[in-house]
Structures are given as C-alpha cells and as structure tokens.
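# Observations on the model geometry
Each chain is listed here by its residues.
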Amino acid sequence: MALHHQSFDTIIIGAGQAGPGLASALDGRGEKVALFEQRAFGGTCLNDGCRPTKAMRASARVAHLARTAAKHGVHTGDVTVDLAETVARKDELIDAWREGGSDYYENHETISYVVSTARLTGRDGDLFTVEHDGGAVTAKRIIVNSGARSVPPPVPGLDGIDWLDHHRILELTETPDHLVVLGGSYIGLEFGQMFARFGSKVTIVEMADRIIGREDPDISEAIGSMLRREGLDVREGVGVSRIDVTESGARLHLNGGDNLDASHVLVAAGRIPNSDDLGLETVGVETDERGYISTDEHFATNVDGVYAVGDVNGRGAFTHTSYQDGTILADHLAGGDMTVAGRIPTYGLFTDPPLGRVGMTLTQAQDAGLNVEVAITPGDGVTKAALDGETEGLWKLVVDKDKDRVVGASFFGLYGDEAVQAVSVLMHVDAPASALATWLPIHPTSAEFLPTFYAGLAKPE
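The structure reproduced in this document is the subject of the present report.

Reading guide: rules and limits
Residues numbered from 1 in each chain as written. Predicted model: local features only at pLDDT ≥ 70, side-chain atom pairs only at ≥ 80, totals over all residues. Heavy atoms only, no water. Helix = DSSP H or I, 4+ residues; strand = E, 2+ residues; numbered from the N terminus. Rg over C-alpha atoms; globule rule 2.2 N^0.38 Å. Buried < 20%, exposed > 50% of the residue type's maximum accessible area, 1.4 Å probe, protein only. Contact = heavy atoms within 4.5 Å. Areas by Shrake-Rupley, 256 points an atom, 1.4 Å probe, with all protein chains shown as cover. Lys, Arg positive; Asp, Glu negative; His and termini not counted. Charge placed at Lys NZ, Arg CZ, Asp CG, Glu CD. Pairing = 2+ DSSP bridges. Axes fitted to C-alpha atoms, helices over the stretch in contact; angles between N-to-C directions. Core = buried A, V, L, I, M, F, W, Y, C linked by side-chain atoms within 4.5 Å. Salt bridge = Lys/Arg side-chain N within 4 Å of Asp/Glu carboxyl O.

### Quick look at the overall build of the protein chain
When you go through the protein chain residue by residue, the secondary structure sums to eleven helices and 21 strands. The C-alpha radius of gyration of the protein chain comes to 24 Å, within 12% of the 23 Å expected for a compact globule of 461 residues. Within the protein chain, the fraction of its 461 residues that count as buried is 51%. A separation of at least 24 residues holds for 62% of the contacts in the protein chain among residues at least 6 apart in sequence. Accessible surface computed for the protein chain: about 20500 Å², of which carbon and sulfur atoms make up 49%. In the protein chain, the 38 positive side-chain charges and the 67 negative ones have mean positions that sit 3 Å from each other.

Below, the structure is given as structure tokens:
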C-alpha cells in the first residue's frame with residue numbers, strides 16, 4: 001500500500017466493482033493511476049452484499065432441501081443449522097477473494113492502491129486536488145466509484161435499539177428467536193427467507209400496499225404466497241409508529257394497534273448514495289435531489305474530467321451494472337463507442353426460487369401504450385420444476401406484437417435467474433421475438449419453455 005507518485009493521470013475513489021478494472025485498464029495504457037478505498041477492497045458486493053449473502057443463501061437452501069427431502073423418498077431426521085458454521089463458511093470464501101484482490105493491488109508496481117478516505121478539495125490549475133489520510137495528491141481526471149449505503153427510516157425509537165442492517169446481520173453467529181424485517185423489497189425478502197430457513201421466526205413489515213412494488217402485482221403475490229407457505233409472516237400496508245426497548249429486544253408498535261416483540265430488527269428499507277462527503281461541491285459537480293451524481297451516457301459529470309460509475313450515479317444498484325459501467329467508461333476513454341444509453345434493466349431477486357427480471361413489466365408496457373401480448377404459466381407447468389419437486393413460481397413473457405420484439409420477462413421459479421438471460425440476450429441484440437419459435441432449447445431445462453411461451457402469447461386479460 002503506497003503512493004508511487006504525488007500527481008496522477010487518474011484518481012479513482014472507491015475499489016468496488018467498477019474501480020479496480022478501470023485502474024488496470026488505464027494502467028495498461030500507460031497512465032499513472034491511484035485507487036483509494038476507505039473500507040475494504042471489493043465494495044458492497046464482495047464484503048456484505050451479493051457474494052456473502054448468496055453463500056449463506058446456499059446454506060439455507062440446503063437446510064430447506066433436507067427438511068423437504070421426504071417427498072423425494074429421502075429421509076434425514078431433524079435438521080438444524082449452526083449459524084456460526086454457516087458464517088465461517090461464508091467468511092472463508094469472502095476473505096480469500098478480498099485478500100486476493102487487495103494483495104494484488106497493494107503490491108502492484110505501478111498502480112497506487114491506498115486504504116484511506118479521499119475527497120476532492122478543489123483545483124490546482126488544470127489538476128484536481130484530492131485530500132487523503134496521509135496528505136494530498138493531484139490528478140487530471142477523477143472517477144468516483146463510492147457506492148451507496150443503507151439508510152434507516154424515520155421511525156421513533158429506532159435509534160434506541162441495536163438494529164441490524166445488511167452488513168451487521170451477516171455477522172450474527174446465533175439464530176434470532178424472532179427477526180422482524182422492516183422493508184419488503186429485495187434485501188428484506190432474501191434475508192427474511194434465509195433466516196426463516198435457519199430456524200428463526202420471521203415477520204416482514206412492508207409499508208406499501210404490497211411487497212416488491214416495482215414488480216407486477218401477480219408476481220408480488222406469488223412471491224408473498226410462497227414465503228407465507230414457508231411460515232413467514234408477511235404484512236403489507238403496515239407502518240411502524242414507534243419502537244420501544246424491551247428486555248428481550250424490541251417492541252414494535254404497528255399502525256392499527258398491533259404490537260410485535262422482536263429479538264432482532266433488520267432495517268431493509270432503502271439506500272442512499274455515498275456522495276455527501278466527497279467534496280463534490282468544491283469543483284462544482286452536480287447531484288440530483290436524492291444525492292446521485294448526474295452523468296451522461298459515458299458517465300461524465302457536468303465537470304470536465306470528473307466521472308461517476310457504480311451505485312453512486314443512480315443508473316443501477318447492482319454488481320453487474322457497476323461492472324459494466326467500468327467497462328463502458330474504459331472503452332470511452334480509449335476512444336470507443338460503447339455507451340450506457342439503451343441499457344436494458346436486468347436483475348434478479350434471490351429468494352429461493354429466484355426471480356429473474358429483464359426489461360419492462362406487463363404493467364409498464366401497458367402504461368407505455370404498447371400493443372402487447374403476454375404468456376403466463378405457473379411454476380408447476382415447467383417440466384424441470386416438476387421433476388425437481390420445486391414448483392413454486394410464475395413465469396411471464398411480454399412481447400410488443402407490432403414490432404415483433406420481446407419487451408420484458410419476469411421468470412419467478414426454479415432457475416428463473418438463468419433462463420431469463422436467454423431473453424436478455426435476445427433483447428440486447430434487438431432480435432425478433434419470433435426467433436423463439438424456431439429456437440432449439442435443451443430438454444429438460446427451465447429455459448426450454450421459451451418457444452412454448454411464444455406460441456402461447458395472447459392479449460392480457
């Protein structure tokens with residue numbers, strides 16, 4: 001960990017998914033590059049986001065399969081989860097990845113990797129000045145990759161309890177007796193199901209009328225019904241008026257008069273960009289009303305020489321979007337023609353089974369005035385799901401018939417996160433939806449129903 005220079009071609013603030021790749025690409029072109037990270041190499045995804053949660057999700061899935069094995073003629077007896085062992089498995093994986101990445105950059109002969117806060121302090125002629133824990137450096141170009149963080153809702157009494165966020169819950173080594181999750185969106189649902197399978201009583205409290213409100217209502221309902229069948233208490237259209245400390249944890253007073261006594265409270269109710277302590281105002285970088293840094297299709301801000309990639313620019317709070325941001329910006333700085341314009345929203349909800357999503361929902365397509373047809377099938381209509389005995393799900397394909405183009409898909413079911421990527425590629429290359437009619441998929445797989453979906457398209461009811 002050392003600064004090889006005091007003045008650089010590029011300073012990158014944040015070693016999340018976009019930063020390290022950009023540093024290597026620019027270094028490979030002969031630039032002098034400094035990469036600053038104030039916390040841990042790899043950003044949210046590696047340390048307390050995608051990878052560690054999916055490692056623990058895998059343990060929860062194994063426990064669930066063991067408990068439901070009798071339907072396959074397999075008998076296991078009582079199934080218990082040692083959370084400390086589950087966390088140790090997760091830590092072993094994550095520590096190895098993090099240390100491998102940080103060791104590579106800490107020992108890099110030309111890239112300066114520094115674990116420190118870093119913030120803009122103004123200009124020195126044509127150079128930007130950046131202050132860090134050990135002093136100050138300058139650069140011709142600044143790339144902000146500072147990510148986002150959890151934000152608690154304004155609930156009276158919340159600050160008086162030791163509430164959990166998606167960072168701290170990953171460090172628990174004993175299973176909560178009763179985990180109450182504030183927020184019925186992606187993070188809340190994933191953790192809720194996971195800890196229910198670990199053995200906790202779980203209640204999910206969502207203020208909006210339904211969970212994961214950005215999805216179509218029938219998808220929200222299918223996922224909520226699945227969670228309830230697994231024993232989770234999912235409450236929709238319910239707010240929390242205040243929280244009191246109790247001997248066993250916390251008492252949540254719900255709007256309407258009900259109370260919930262919780263041993264642990266997970267706050268999964270939103271995130272905000274890490275843009276408020278970067279010194280952006282010292283050089284005039286603009287942010288929107290939520291704090292996201294405004295950028296063009298090449299991630300340039302309103303200030304020449306300053307760029308923003310990853311969660312902080314508001315163009316997608318996902319590992320894959322952040323990583324692609326870095327790829328697009330590296331190409332642009334090399335004179336290429338890649339752009340974020342026209343990027344198709346693609347993501348997954350990693351409950352078990354997962355939801356794979358690409359493009360528009362049916363509701364969005366109808367609101368846009370498109371002449372759409374839709375194909376819908378329940379999970380038990382997918383042969384692979386029936387064979388594996390995992391038939392929870394609802395699969396939807398949405399097509400613009402006037403243009404012969406798929407405009408969206410919501411695949412909630414076994415391997416839905418994988419099957420949806422066939423649709424994503426079709427949309428990415430702007431291929432006709434009718435190509436699905438002649439596609440030859442492998443049997444038996446979840447994706448094999450895409451030609452059947454296409455053949456079953458009809459006007460939505």
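### Some remarks on the sheet that holds strand 21 (residues 405-412)
Overall, antiparallel pairing links the five strands, which are arranged 17-18-21-20-19 in an open sheet. The open sheet has two edge strands with one neighbour each: strand 17 (346-349) and strand 19 (372-378). Strand-to-strand twist of the sheet, defined as the mean angle between neighbouring strand axes without regard to direction, takes the value 15°. Sheet topology places strand 18 (residues 355-359) next to strand 21; five bridges connect them, and they run antiparallel. Note that in strand 21 the partner of Arg 357 across the bridge is Ser 410. Packing against the sheet, helix 10 (residues 416-428) makes contact with strand 17, strand 18, strand 20 (394-400) and strand 21, and its axis sits at approximately 175° to strand 21.

### Digging into the nonpolar core
Ranked by size, the top nonpolar core spans 35 residues in total, and within it Ile 169, Leu 179, Leu 189, Phe 195, Val 202, Ile 223 and Leu 266 carry the most contacts. Within the residue set of this core, elements represented by two or more residues are helix 3 (50-67), helix 4 (83-106), strand 8 (178-182), helix 5 (186-198), strand 9 (201-206), helix 6 (217-229) and strand 17. Counting residues per element, this core draws most heavily on helix 5, which supplies seven residues. Setting aside chain neighbours within four positions, we find Ile 169 in contact with Leu 164, Leu 179, Phe 191, Phe 195 and Leu 266. Counting 25 residues, the second-largest nonpolar core is a separate cluster that includes Val 382, Val 399, Val 406 and Leu 426.

### What to know about the pattern of salt bridges
Here the structure, examined in full by the defined rule, presents 28 salt bridges. Residue Asp 277 pairs with Arg 119 through a salt bridge whose shortest N-O separation is 3.5 Å. Of this pair, Asp 277 sits in the loop between strand 15 (271-273) and strand 16 (306-308) while Arg 119 sits in strand 4 (residues 118-124), placing them 158 residues apart in sequence. A relative accessible area of 52% places Asp 277 in the exposed class. Owing to a relative accessible area of 26%, Arg 119 belongs among the partly exposed residues under this scheme.

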